[in-house]
Amino acid sequence: MIAAAVAFPFAAMPAGGEYYVGLATRIMIYGLAATSLNLVLGYGGMISFGHAAFFGAGAYAVAILAQEGVVSGIAAWPLAVAISALCALVIGAISLRTRGLYFIMITLAFAQMMYYFFVSLRAYGGEDGINLAARSRLPGLDLADATAFYLVVLALLAGCLYLLRRLAASRFGAVMRGIRESEERMTALGYPTYRYRLICFVVAGGVAGLAGALIVNQHGFVSPNLLHWTQSGTLLVMVILGGVGLLYGGVAGAVAMLLLEEFLSSWTEYWKLGLGLVLLFVVLRAPRGIGGWFERKKDHG
């Protein structure tokens, strides 16, 4: 699969497939963002409805730094990750003291607060957003080239998936799964569950910030809409479609949703109706999402 992904732009570009290379790049970026949400939702059992705050914070960090003259991706992208992780630390430190519906609502409230903060930030575009004059620079690479940017995004996605896989298979991942199943039991066993959940939340926020740094480079533009609650809902739908708690669930959900959007929107402007029907089918027929459905078929096969 990795070999096919690497070969894709080299096969598509000579045939005039630059649009599809861009679409594949967008799918991978959203797959990375959805995977970060799947970490807190699938492994930690934390239903966050404000994950777009970290996605947008990473995008704004890169755009603001570019306006201030910092165009190096080596400097801007890690800083975007750090800023998003810091936002997750502050939001998580407060919201993780709540449970259930209260946690959902307080993460939503924080995300909307950040949304309105950037709307009011007139120095950096306000509600009109910021245009990126050019993509970030990396040594030896021209990110203005669609193929080069695609390969960088692919490498970052593969690297993050590998690291998250190691994290999920570690003692930390086992503790998080235990907390998801029964936090009271893990507390009785002596584990500092609040600390574990906060670390998980911060890691997910940092990964979402990296996805935000990439999406602003692809679109060349960022606006407060990237932090809106509807963006959090989009990421949540991707996770549900792909498979909650499955390592590749976020990527599978991003592929399914964005390809459905691409196909259905060419037929009708009411493409979200078709997406809703697909989501209903997945929830009723494949509770663990598309990834879980294929795993079940493989086991029975």
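Before reading on, note that the structure itself is shown above.
Calculation criteria
Residues numbered from 1 in each chain as written. Predicted model: local features only at pLDDT ≥ 70, side-chain atom pairs only at ≥ 80, totals over all residues. Heavy atoms only, no water. Phe/Tyr/Trp six-rings, centres within 6.5 Å; stacked < 30°, edge-to-face > 60°. Buried < 20%, exposed > 50% of the residue type's maximum accessible area, 1.4 Å probe, protein only. Lys NZ or Arg CZ within 6 Å of the ring centre and 35° of its normal. Salt bridge = Lys/Arg side-chain N within 4 Å of Asp/Glu carboxyl O. Helix = DSSP H or I, 4+ residues; strand = E, 2+ residues; numbered from the N terminus. Polar contact = N/O pair within 3.5 Å; in protein donor to acceptor, adjacent residues only side chain to side chain. Contact = heavy atoms within 4.5 Å.

**Brief notes about the packing of aromatic side chains**
- This model, assessed by the stated rule, comprises 12 aromatic pairs.
- Measuring from ring centre to ring centre gives 4.9 Å for Y115 and Y116, while their planes differ by 75°; the resulting arrangement is edge-to-face.
- Its relative accessible area of 14% is what places Y115 among the buried residues.
- Owing to a relative accessible area of 52%, Y116 belongs among the exposed residues under this scheme.
- Within the aromatic cluster, the residues linked to one another by ring pairs are F54, F103 and F201.
- Its end group placed over the ring of F149, R135 keeps NZ or CZ at 4.3 Å from the ring centre.

**Let's talk about the pattern of salt bridges**
- This structure, assessed with the given rule, holds 2 salt bridges.
- One salt bridge connects E183 with R99, and the closest N-O pair in it is separated by 2.8 Å. Of this pair, E183 sits in helix 8 (residues 183-188) while R99 is found in the loop between helix 4 (73-95) and helix 5 (100-119), placing the two residues 84 residues apart along the sequence.
- Look at E183 and you get buried, because its relative accessible area is 14%.
- Across the pair R180 and E181 runs a salt bridge, and its minimum N-O distance is 3.1 Å.
- For E181, a relative accessible area of 60% gives the class exposed.

**A closer look at the side chain of T35**
- Assignment of secondary structure puts T35 in helix 2 (residues 18-43).
- For T35, the side chain forms a polar contact with the main-chain oxygen of G31, separated by 2.7 Å.
- When sequence neighbours within four positions are dropped, the list of residues in contact with T35 reads L161, L164, L247, G250 and V251.

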